[in-house]
Amino acid sequence: MRRFFMMVMIWAICPIPVLAQDSETLEANKALARQAQQMWSTGDIATAEDVYASAYVNHEAADDGKTRPVDLKTYLAVIADFHRSFNPIDVTVLSQTAEADMVATRWQLSAVHTGDFMGVAATGKEIVYGGIRIDRIENGRIAESWGNWNKFGLLSQLGLVN
Amino acid sequence: MNKIATSFAAGVMALSPAAALAAKDSAKLLEANKALALEAQKLWDTGLKVSADDILAKTYVNHQDTNRVSGMQTKDRDAYLAVIEDFERTFSPSEVTIHFQVAEGDKVSTMWSNTVTFSGPFMGIEPTNQQYTYHGIQIDRIEDGRIVESWVNWDKFDLFNDLGLVNEPVSPTS
């Protein structure tokens, strides 16, 4: 009886640490990806080194059909610039899928146009657009991202494209 | 001690195949979901013939945030397949490349690019037979072996810009 009890205990307990370790990593990776999105809301780029590897590369698709890699410094400057044009900014994470070292995050950003943006003075308009970003995580930091977002929607809501 | 060791060994033996099978089943399911998400991208490839019935559920809905108005635009299965048919009349051949996939639970995120030739009239402009490549990411939700829902973002701005359909932003200060 006691032996049976032991077996049941071991059977019940053993898989937990094994599976928990995997799902813990995935959850930690998701939390890191959400933290990266949150930085767009707060504009607090001072905490960037907690989130991004120093060798971080952001691959934004370019109009020549290739992706144009941007380094961390350049990427953070984009966030800082955006905060000079829009306030407040609110990013909502709508869904995430994580596997191995990758996390895909679908987000939506809403903001009020309060400063010069691409040559257009503040309109006070509220803009909303969404995107999906895939982050690769290495040693607890985001090492690389690929993103796609509704640039067409943002620019047309501001009257910048027809 | 000996008893405990025996129990432990027996426990591990009893557990291992079960845990391994469960892990294998879940890995198998994720691989099957990825394969299905890949099939869904083939719907956009003019060189590959796939049947939408094998891929998309009857109740399928496609959400895109690629439009000029704010928020998501949702299309049902028929409306979505009609978009693909229209697309083929304008952009043929069209070749899809899958870059990578991220799968978890019932969802698969797929990063893709599409290389197309501008072969038919589009929004009032004549075809140039020039080739363009654009990228996108699609998230598919799978239920009973069919995709029931997708969310897509793609470089509409860059494709339209390449085609000359976007008036370049003009800075009043320049």
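Residues numbered from 1 in each chain as written. Chains lettered and ligands numbered in written order. Predicted model: local features only at pLDDT ≥ 70, side-chain atom pairs only at ≥ 80, totals over all residues. Heavy atoms only, no water.

Student: How would you summarise the environment of Asn 153 of chain B if you had to cite specific residues and measurements?
Tutor: Among the secondary structure elements, Asn 153 of chain B is positioned in strand 6 (residues 146-154). A residue is classified by how much of its surface remains accessible, and Asn 153 of chain B, at 1% relative accessible area, is buried. In this structure the C-alpha to C-alpha distance between Asn 153 of chain B and His 63 of chain B, which are 90 residues apart in sequence, comes to 9.0 Å. Beyond its immediate stretch of four places on either side in the chain, Asn 153 of chain B contacts Gly 130, Gly 131, Ile 132, Asn 148, Trp 149 and Asn 150 of chain A together with Asp 65, Thr 66, Gly 136 and Ile 137 of chain B. Polar side-chain contacts of Asn 153 of chain B include one of 3.3 Å to the backbone oxygen of Gly 130 of chain A. (Helix = DSSP H or I, 4+ residues; strand = E, 2+ residues; numbered from the N terminus. Buried < 20%, exposed > 50% of the residue type's maximum accessible area, 1.4 Å probe, protein only. Contact = heavy atoms within 4.5 Å. Polar contact = N/O pair within 3.5 Å; in protein donor to acceptor, adjacent residues only side chain to side chain.)

Student: Give a description of helix 3 (residues 77-90) of chain B that names residues and reports values.
Tutor: Residues and elements named next belong to chain B. End to end, helix 3 covers 20 Å across 14 residues, agreeing with the expected 20 Å (1.5 Å per residue, within 8%). All of the buried residues in helix 3 are Arg 77, Tyr 80, Ile 84, Phe 87 and Thr 90. Buried residues of helix 3, seen end-on, are gathered within an arc of 150° and therefore sit on one face of the element. More than 90 degrees from the buried face of helix 3, the exposed residues found are Asp 78 and Arg 89. In this structure, the buried side of helix 3 is in contact with helix 2 (52-55), strand 1 (56-64), strand 2 (73-76), strand 3 (91-104), strand 4 (107-118) and strand 5 (131-143). (Expected span 1.5 Å × (residues − 1). Arc of directions from axis to C-beta.)

Student: Summarise helix 4 (residues 72-85) of chain A; cite the residues concerned and give the values.
Tutor: Relative to the 20 Å expected for 14 residues at 1.5 Å per residue, helix 4 of chain A spans 20 Å between its end C-alpha atoms, a close match to the ideal helical length. For helix 4 of chain A, the set of buried residues is Leu 72, Tyr 75, Leu 76, Ile 79, Phe 82 and Ser 85 of chain A.

Student: Before we move on, can you summarise the environment of Gln 38 of chain A with the specific residues and values?
Tutor: Along the chain, Gln 38 of chain A falls in helix 2 (residues 15-42). Residues Gln 38 of chain A and Ala 55 of chain A, spaced 17 residues apart in sequence, show a C-alpha to C-alpha distance of 20 Å.

Student: Tell me about the pairing of strand 5 of chain B, and name the residues and values.
Tutor: Residue and element names in this part refer to chain B. Here strand 4 pairs with strand 5 via 11 bridges, running antiparallel. Counted as the bridge partner of Trp 112 is Gly 136 from strand 5. Hairpin geometry of strand 5 and strand 6 is characterised by an intervening segment of 2 residues between the two adjacent antiparallel strands and by a positive phi of about 50° at Asp 144. (Pairing = 2+ DSSP bridges.)

Student: Describe the pairing of strand 6 of chain B, listing the residues and the values that go with them.
Tutor: Residue and element names in this part refer to chain B. Of all 9 residues in strand 6, 8 are buried, a share of seventy percent or more. Taken together, the 8 bridges between strand 5 and strand 6 define a ladder with antiparallel strand orientation. Bridge assignment links Ile 139 to a residue of strand 6, and that residue is Trp 151.

Any functional reading would require information that these geometric values do not contain.
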